[in-house]
Amino acid sequence: MMTQPTDAQIRNAYALAVERYAAFGVDVERALATLAGVSISLHCWQGDDVGGFEAPGGELTGGIAATGNYPGKARTADELRRDLDLVYSLIPGAHRLNLHAIYAETGGRQVERTDLKPEHFSRWIDWAKETRRGLDFNPTLFSHPKAASGMTLASYDASIRQFWVDHCIACRRIGAAMGKALGTACVTNIWIPDGYKDIPADRATPRALLQESLDAVLAEKLDRRHNLDAVEGKLFGLGAESYTVGSAEFYLGYAVANQVLLCLDSGHFHPTETIADKISAVLLYVPELLLHVSRGVRWDSDHVVIFSDDLQAIMQELVRGGFLARTHIGLDYFDASINRVAAWAIGTRAALRALLLAMLEPLDQLRGLEIAGDFTGRLALLEELKALPWAAVWDYHCLRHEVPVGYSFLGEIRGYEKRELSKRP
Ligand code: RNT
Ligand code: ZN
């Protein structure tokens, strides 16, 4: 096992890094203060492969899939919270939790999704209060008999549509209750799986039905200090390869027309598209954005987020454009083939590191070069920045926030795996 750097080494490396950045006119302390204020919404569903606690052993539907059978998946909300407590202790900053409706705690009773109430999330809310976390929320329009046809809010069957409208209405109220209780607005995000495996004869009618359903869902005015509505489109799902009712254009139009948040998921576009390029365009027309930071490998595979070019580009856009205040950053991936707690920690750390790197850019200089038409200088500087000692800044940030520095976070997870995760059959 490698030895850890001492605190003195971390501080020395940081002091040198501060000087190197100062030479570029970058104020590192200011960047760290900004970074400390960013709250990322961790997705609860990484901890149990999008299972939830409604019907143990229930099948995951909706055209999404978690592959792998690494041991240690959370089986109860208490286990999931314990896992999350560990994850948060390994990550600098104060971060949020993103819940799905299927994570309700109904005390063993079966409660239909249309009847879910804030009380079914009271233990989550209490935990969030104690740990001072914000909560975000999602109605669950999959893994349910009434979603078996593959259609929910866009179904031709009016009773199916009504069921899901009622579920979404219940969820917005739960979101508002969470936001009110915690003093920070809950983003309630609607994603539906609706689509067709094969070529449709009518692409128009389901979209008109979806529009009508969403209007019914959003009819009730809720206090924006408590609940913010978001809608998430998609390109295709497993078993719905030919047609997705809620496409990118559908939701862009819907969000603009209704001034709700648009959710951009990095896995939901053609593979050569990046959501990095969409942020500045969309924010001209919608009030705020929700990001589902994910990583698709060949398809919308929801791999663990890593420090990729794509991730860096997304975070650069948020920082360069001054968009952080209008963007809610959430993660969305589910890998069941590795330690699930590590998957959360690795992805969240990657997101924060990419944010830090973006915050350390000498933006005035870069823009100056660009405006002057000096694209040679712009390219050279951008390349140079990649190798500046930003990792020393990150280590110091972790030290200051009293979380493990460097690779040592994995040691904590391995200990937890031995103590706790390995005991879960
Ligand atoms: C599916 C969407 C959606 C889900 C979660 C579980 O493709 O990305 O956001 O991943 O709601
Ligand atoms: Zn998503």
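Since the structure is predicted, the reported quantities are computational estimates derived from the model, not experimental observations. Residue numbers restart at each chain and count upward from 1, following the sequence in its written direction. Both sets of labels track the order of writing: A upward for chains, 1 upward for ligands. Confidence filtering applies because this is a predicted model: local features only for residues at pLDDT of at least 70, side-chain atom pairs given and counted only at 80 or more, and all residues used for totals across whole chains, interfaces and linings. Excluding hydrogens and water, the side-chain values take into account all heavy atoms of the structure.

Would you explain the environment of Val304 in this entry?
Going along the chain from the N terminus, every DSSP run of H or I of four or more residues is numbered as a helix, and every run of E of two or more is numbered as a strand. Structurally, Val304 is set in the loop between β11 (299-303) and α9 (309-320). Summary of the burial criterion: residues with accessible area below 20% of their type's maximum are buried, those above 50% are exposed, and those between are partly exposed, where the area comes from a 1.4 Å probe applied to protein chains only. Under the relative-accessibility criterion, Val304 is labelled buried at 5%. Sequence-wise, Val304 and Leu363 are 59 residues apart; in three dimensions their C-alpha atoms are separated by 29 Å. Among all residues touching Val304, those that are not within four sequence positions of it are Arg295, Tyr333, Asp335, Ile338, Ala343, Ile346 and Gly347. Residue contacts are defined here by distance: any two heavy atoms, one from each residue, within 4.5 Å place the two residues in contact.

Just checking my understanding: could you explain the site of ligand 1 for this structure?
Here a residue counts as near a molecule or strand whenever at least one of its heavy atoms sits within 4 Å of it. Looking at ligand 1, the residues that line it are Trp45, Ile64, His100, Trp191, Glu232, Lys234, Asp265, His268, His292, Asp300, Asp332 and Phe334. A 3.5 Å cut-off defines polar contacts: any pair of N or O atoms within that distance qualifies, except that in protein one atom must be a possible hydrogen donor and the other a possible acceptor, and neighbouring residues in sequence count only when both atoms are side-chain atoms. Residue Lys234 places a side-chain N or O atom 2.6 Å away from an oxygen atom belonging to ligand 1. At 2.8 Å, a side-chain N or O of Asp332 approaches an oxygen atom of ligand 1. Notes on ligand 1: free accessible area 310 Å², of which the protein chains cover 99%. Both site types are read off a 1 Å grid over the protein atoms alone. A 1.4 Å probe that fits but cannot get out defines a cavity, while an open set with protein on both sides within 12 Å along at least five of seven lines defines a pocket; lining residues have an atom within 4 Å of a point. The way we define it, a molecule is inside a pocket or cavity when more than half of its atoms are within 2 Å of that pocket's grid points. When atom positions are compared with the pocket grids, ligand 1 is found to occupy the largest cavity. Methods summary: accessible areas were calculated by the Shrake-Rupley approach with a probe of 1.4 Å, and residue burial reflects only the protein chains presented.

For this particular structure, what's the right way to read helix α3 (residues 77-89)?
Any helix carries an expected span of 1.5 Å times its number of residues minus one. Here α3 spans 18 Å end to end across 13 residues, near enough to the 18 Å set by a 1.5 Å rise per residue. Of the positions making up α3, those classed as buried are Ala77, Glu79, Leu80, Arg81, Asp83, Leu84, Leu86, Val87 and Tyr88.

Could you clarify how one ought to interpret the coordination of the zinc ion (ligand 2) in this entry?
Ideal coordination angles are 109.5 degrees for a metal with four donors arranged tetrahedrally and 90 or 180 degrees for a metal with six donors arranged octahedrally. Note on donors: an N, O or S atom is included if it sits within 2.8 Å of the metal, or within 3.2 Å for Na, K and Ca, and water is never included, so sites can look incomplete. Only Glu232 (OE), Asp265 (OD), His292 (ND1) and Asp332 (OD) from the protein reach the zinc ion (ligand 2) as donors, at distances of 2.1 to 2.2 Å. Under this scheme a four-donor centre is tetrahedral when all angles range from 85 to 135 degrees, a four-donor centre is square planar and a six-donor centre octahedral when opposite donors are above 155 degrees with the rest from 65 to 115, and any other centre is irregular. In this structure, the zinc ion (ligand 2) is coordinated by six donor atoms arranged in octahedral fashion, with angles at the metal of 71 to 170 degrees. When the donors of the zinc ion (ligand 2) are listed by position in the chain, the intervening gaps give E-x32-D-x26-H-x39-D. Of this pair, Asp265 sits in strand β8 (residues 261-265) while Asp332 sits in the loop between β12 (327-331) and α10 (340-359), placing them 67 residues apart in sequence.

Looking at this model, I keep getting lost on the pairing of β8. Mind explaining?
The side chains of a regular strand alternate between both faces of the sheet. Of all five residues in β8, five are buried, a share of seventy percent or more. Burial along β8 is two-sided: Leu261, Cys263 and Asp265 and Leu262 and Leu264, pointing in opposite directions, are all buried. A pair of strands is labelled paired if DSSP reports no fewer than 2 bridges between them. Examined bridge by bridge, β8 and strand β9 (residues 289-293) share four bridges and lie parallel to one another. For Cys263, the partnering residue across the bridge sits in β9 and is Leu290. After leaving β8, the chain enters helix α8 (residues 276-282) and then returns to the sheet as β9, a path that is right-handed. Here the term right-handed applies to a crossover when the path leading from its first strand over the helix to its second strand runs clockwise, the strands being oriented away from the viewer.

What's the story with the environment of Leu135 in this structure? I'm lost.
Residue position: Leu135 is located in strand β3 (residues 135-138). Leu135 sits in the buried class, given a relative accessible area of 1%. A C-alpha to C-alpha distance of 7.1 Å links Leu135 and Leu99, two positions 36 residues apart in sequence. Look past the residues within four positions of Leu135 in its chain and what remains in contact with it is Arg96, Leu97, Leu99, Trp124, Ile125, Ala128, Met178, Leu182, Ala185, Cys186 and Val187.

For this particular structure, what's the right way to read the side chain of His144?
Tracing the backbone shows His144 in the loop between β3 and α5 (158-182). According to the relative accessible area criterion, His144 is buried, its value standing at 11%. Within the local environment of His144, its side chain forms a polar contact with the backbone nitrogen of Lys146, the two atoms lying 2.9 Å apart. Setting aside residues up to four positions removed in sequence, His144 forms contacts with Glu54, Thr61, Glu112, Arg113, Phe163 and Trp164.

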